[in-house]
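# Notes for the structure review
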Amino acid sequence: MNNSKFKAIHRNDYQPPEFLVDTTDLLFRLEEKRTKVTARSRFRKNEVSEDNNGDLTLYGENLELVGVVIDGDEVDAGRMVVTERELQILH
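Cut-offs and rules
Residues numbered from 1 in each chain as written. Predicted model: local features only at pLDDT ≥ 70, side-chain atom pairs only at ≥ 80, totals over all residues. Heavy atoms only, no water. Helix = DSSP H or I, 4+ residues; strand = E, 2+ residues; numbered from the N terminus. Contact = heavy atoms within 4.5 Å. Patch = residues over 30% accessible without salt bridge, like charges linked within 9 Å, V, L, I, M, F, W, Y side chains within 5 Å. Areas by Shrake-Rupley, 256 points an atom, 1.4 Å probe, with all protein chains shown as cover. Salt bridge = Lys/Arg side-chain N within 4 Å of Asp/Glu carboxyl O. Buried < 20%, exposed > 50% of the residue type's maximum accessible area, 1.4 Å probe, protein only. Lys, Arg positive; Asp, Glu negative; His and termini not counted. Polar contact = N/O pair within 3.5 Å; in protein donor to acceptor, adjacent residues only side chain to side chain. Pairing = 2+ DSSP bridges. Axes fitted to C-alpha atoms, helices over the stretch in contact; angles between N-to-C directions.

### Focus on the side chain of Ser49
- Within the secondary structure, Ser49 is located in the loop between strand E2 (35-45) and strand E3 (56-59).
- Residue contacts for Ser49: discarding those within four places in its chain leaves Pro16, Pro17 and Glu18.

### Regarding a nonpolar patch on the surface
- Taken together, Leu26, Phe28, Leu30 and Val37 make up a surface patch of nonpolar side chains, about 430 Å² in accessible area.
- The element best represented in the nonpolar patch is strand E1 (residues 19-30), accounting for three residues.
- As for its placement among the helices and strands, Val37 is situated in strand E2.

### Brief notes about the side chain of Asp55
- Tracing the backbone shows Asp55 in the loop between E2 and E3.
- It is Arg79 that comes nearest to the buried, bridge-free Asp55 among opposite-charge side chains, at 7.3 Å.
- At a separation of 2.7 Å, a polar atom in the side chain of Asp55 contacts the main-chain amide nitrogen of His91.

### Looking at the sheet that holds strand E7 (residues 86-89)
- Read from one edge of the open sheet, three strands run E3-E7-E6, paired in antiparallel fashion. If you trace the sheet from one side to the other, it starts and ends with E3 and strand E6 (80-82), each paired once. The mean angle between the axes of side-by-side strands here comes to 10°, regardless of whether they run parallel or antiparallel.
- Sheet topology note: the E3/E7 ladder contains four bridges and is antiparallel. Bridged to Leu56 within E7 is Ile89.

The following block contains the structure:
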């Protein structure tokens, strides 16, 4: 199956992730016509990553971004890049 949406990643191309996920908590609010999911994740920089510029990229599709909070502070829209497939939080 050749799906142009996905790029092949070969073992030789592997790089350690820039961030590690310590925990993820999900809260689901199920309603008749929609579902609201609140995700709370704890990330930390991966010290062995060579390309860690401090930017965090999260992937997802068909999502509506309501807000981003880091350490209790709402992230300014100027620090975020949002596309159909990803959310990038700039350092």
